[in-house]
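Coordinate analysis (summary)
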Amino acid sequence: MKIHTQAVHAGDRKKATDAVPVTTPIYTAASFSYDDIETTDRVFAHEVPGYAYSRYDNPTNHALEELLTTLESGAGSLACSTGMAALQIAILTALLDRRKKVLAATALYGATINLLLKVMEPFGIETSFVDITDVAAVRAAIEAERPGCVLMETVSNPVLRVGPLAELAAACREFNVALIVDNTFATPMLVRPLELGAHMVVHSLTKYLSGHGDVMGGAVIADEAHLPGLRQLSRTCGPTLGPFECYLAMRGIKTFPLRMERQCANAATVAKFLRSHSMVERIFYLDDPAHLDAATVGQLFPPGMFGAMVAFELMGAGTPEVFAFMNRLRLVVKATSLGDVHSMMLYPKMASHRDLSPKQRERMGIRDSLVRLSVGIEAAEDICADLDQALRG
Ligand SMILES: *Cc1c(COP(=O)(O)O)cnc(C)c1O
């Protein structure tokens, strides 16, 4: 054979030996071949399990998806390129054979609100909003609006409201409404919405699950009823996560429970410190017995674990004072995102909720003095010391 042919074929497409690699390899192959074309035919026809084309399925993706399905107690899952791609495909899946209408929680991630109002609505999918912590209001809205799905976050961003998941799921099931829960903030370590009656769970893998700030990804974990629709849409729309990212996400998830334990403990320490600080006007953290949803939190969360997101208002601060405070931070990283091993601070008005009108922000309880802290795995005393020096100015 000529060198041009050798360069393309030599050494490639070897079958693995009997030795099993201890971690899942990164399968970069776009497509898969079988010894006989009849097998390929049967794989395409779903008569036998197998891989054909990586937009449909890929061994590395499959490994991550099985892991996510297990963590969230689902029937199956789909790894997506980002959390937003996951949300989009989950909503489309829910509405495949239902009314093209979404009933959404008032308090949602900023980009999710944009997805609903600026992408879905122009394509004819309407959204109305409801306070998800008020079951009676949700029930009334379901009866009045007859939505195809309800969309909520386990813990809202950034002021940490928590809806009674099991009751909401029961109301949805009564009216054949799909319940989609964005579980990015709570993670399956704290709450598993599918066990409480939700139909689909969405994650930004970019956050706690991957946890190192070095990979973007998303996931939809579905119950038995919604899995075929999810797979069918995904084959056509192609929101698929690349195998390199799947590998990184899977690697990150191996230490996710350890990180989460540490981050929850650190967040409780930081919250206690901030509560007693003279430069802090108000703090939002789920361990607070006076929290508006304390009873629900007590039911949903494991004892003593309240997540690692802390939001607080700086005493009498406007935007310039918040900027000055953030510029004084030395350890806490000033950046968008959350859930990483390093502590990070974000100014919701400028970042996650930038595209919303002041009125929308006000309705969500996001004041100009509010900052959001994602507590990392560092030593808690070092995080507190950095916040203290920045607060004192
Ligand atoms: C970050 C985030 C998303 C979007 O995820 P990406 O991976 O950035 O697309 C959705 N929901 C919540 C709650 C998030 O924090």
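Residues numbered from 1 in each chain as written. Predicted model: local features only at pLDDT ≥ 70, side-chain atom pairs only at ≥ 80, totals over all residues. Heavy atoms only, no water.

Focus: the packing of aromatic side chains
What characterises a pair of aromatic rings is the spacing of the ring centres plus the angle enclosed by the ring planes. Rules: For this analysis, a ring pair means two rings from Phe, Tyr or Trp (six-membered ring only for Trp) whose centres lie within 6.5 Å, classed as stacked if their planes differ by under 30 degrees, edge-to-face if by over 60, and tilted for the remaining angles. In this scheme, a residue with accessible area under 20% of its type's maximum is buried, one over 50% is exposed, and one in between is partly exposed, where area comes from a 1.4 Å probe on protein chains only. Any Lys NZ or Arg CZ found within 6 Å of a ring centre and within 35 degrees of that ring's normal is scored as a charge over the ring.
As enumerated under the stated definition, the model contains five aromatic pairs in all. Ring centres of tyrosine 53 and tyrosine 56 lie 5.8 Å apart, and the angle between their planes is 75°; this geometry places the pair in the edge-to-face category. Given the relative accessible area of 35%, tyrosine 53 is considered partly exposed. The exposure class of tyrosine 56 is partly exposed, given its relative accessible area of 22%. For arginine 235, the ring lying beneath its charged end belongs to tyrosine 56, and the centroid distance is 3.7 Å.

Structural notes on a negative patch on the surface
To keep it simple, the criterion reads: Like-charged residues are merged into a patch within 9 Å and nonpolar side chains (Val, Leu, Ile, Met, Phe, Trp, Tyr) within 5 Å, provided each residue has over 30% relative accessible area and no salt bridge. Each accessible area value is a Shrake-Rupley result obtained with a 1.4 Å probe; residue values ignore everything except the protein chains displayed when judging cover. By definition, a salt bridge exists where a carboxyl oxygen of Asp or Glu is found within 4 Å of a side-chain nitrogen of Lys or Arg. Counting rule applied: Lys, Arg positive; Asp, Glu negative; His and chain ends not counted. One atom stands in for each charge, and that atom is NZ of Lys, CZ of Arg, CG of Asp or CD of Glu. Here a helix means four or more residues in a row that DSSP labels H or I, a strand means two or more in a row labelled E, and each is numbered from the N terminus.
Side chains of Asp36, Glu38, Asp41 and Glu47 sit close together on the surface and give a patch of like negative charge. On the secondary structure map, glutamate 38 appears in helix H2 (residues 37-44).

A look at the layout of surface pockets
Defined as follows: Within this scheme a cavity is a closed region of a 1 Å grid, computed over the protein atoms alone, that accommodates a 1.4 Å probe without allowing it to escape, whereas a pocket is open but has protein on both sides within 12 Å along at least five of seven lines; lining residues each have an atom within 4 Å of a point. Grid points are joined across faces, edges and corners, and a volume is the space filled by probe spheres set on the points. Ten residues, namely Ala, Val, Leu, Ile, Met, Phe, Trp, Tyr, Cys and Pro, are considered nonpolar, four, namely Asp, Glu, Lys and Arg, are considered charged, and the remaining ones, Gly among them, are considered polar.
The space that makes up the largest pocket amounts to roughly 740 Å³. If you go around the largest pocket, you meet 16 residues; those closest to its centre are Arg13, Lys14, Lys15, Phe32 and Ser33. Among the residues making up the lining of the largest pocket, the classes are represented as eight nonpolar, three polar and five charged. Counted as a void, the second largest pocket has a volume near 490 Å³. What lines the second largest pocket is a set of 20 residues, and nearest its centre among them are Gly50, Tyr56, Asp57, His62 and Arg231. Elements supplying a minimum of two residues to the lining of the second largest pocket: H2, helix H3 (59-71), strand E1 (76-80) and helix H9 (227-237). For the lining of the second largest pocket, the element with the most residues is H3, which contributes four residues. Counted by class, the lining of the second largest pocket contains nine nonpolar, six polar and five charged residues.

Observations concerning helix H15 (residues 380-392)
For the record, the criterion: The span one expects for a helix is its residue count, reduced by one, times 1.5 Å. By the convention used here, residues are in contact when the closest approach between their heavy atoms is within 4.5 Å.
For H15, spanning 13 residues, the distance from its first C-alpha to its last is 18 Å, which sits close to the expected 18 Å at 1.5 Å a residue. If you check which residues of H15 are buried, you get Ala380, Ile383, Cys384, Asp386, Leu387, Asp388, Ala390 and Leu391. Close packing links the buried residues of H15 with helix H11 (256-275), strand E8 (280-284), strand E9 (309-314), helix H13 (319-328), strand E11 (344-346) and strand E12 (370-374). Remark: glycine 393 follows H15 within two positions and exhibits a positive phi of approximately 75°.

Worth remembering: the numbers are spatial, not functional.
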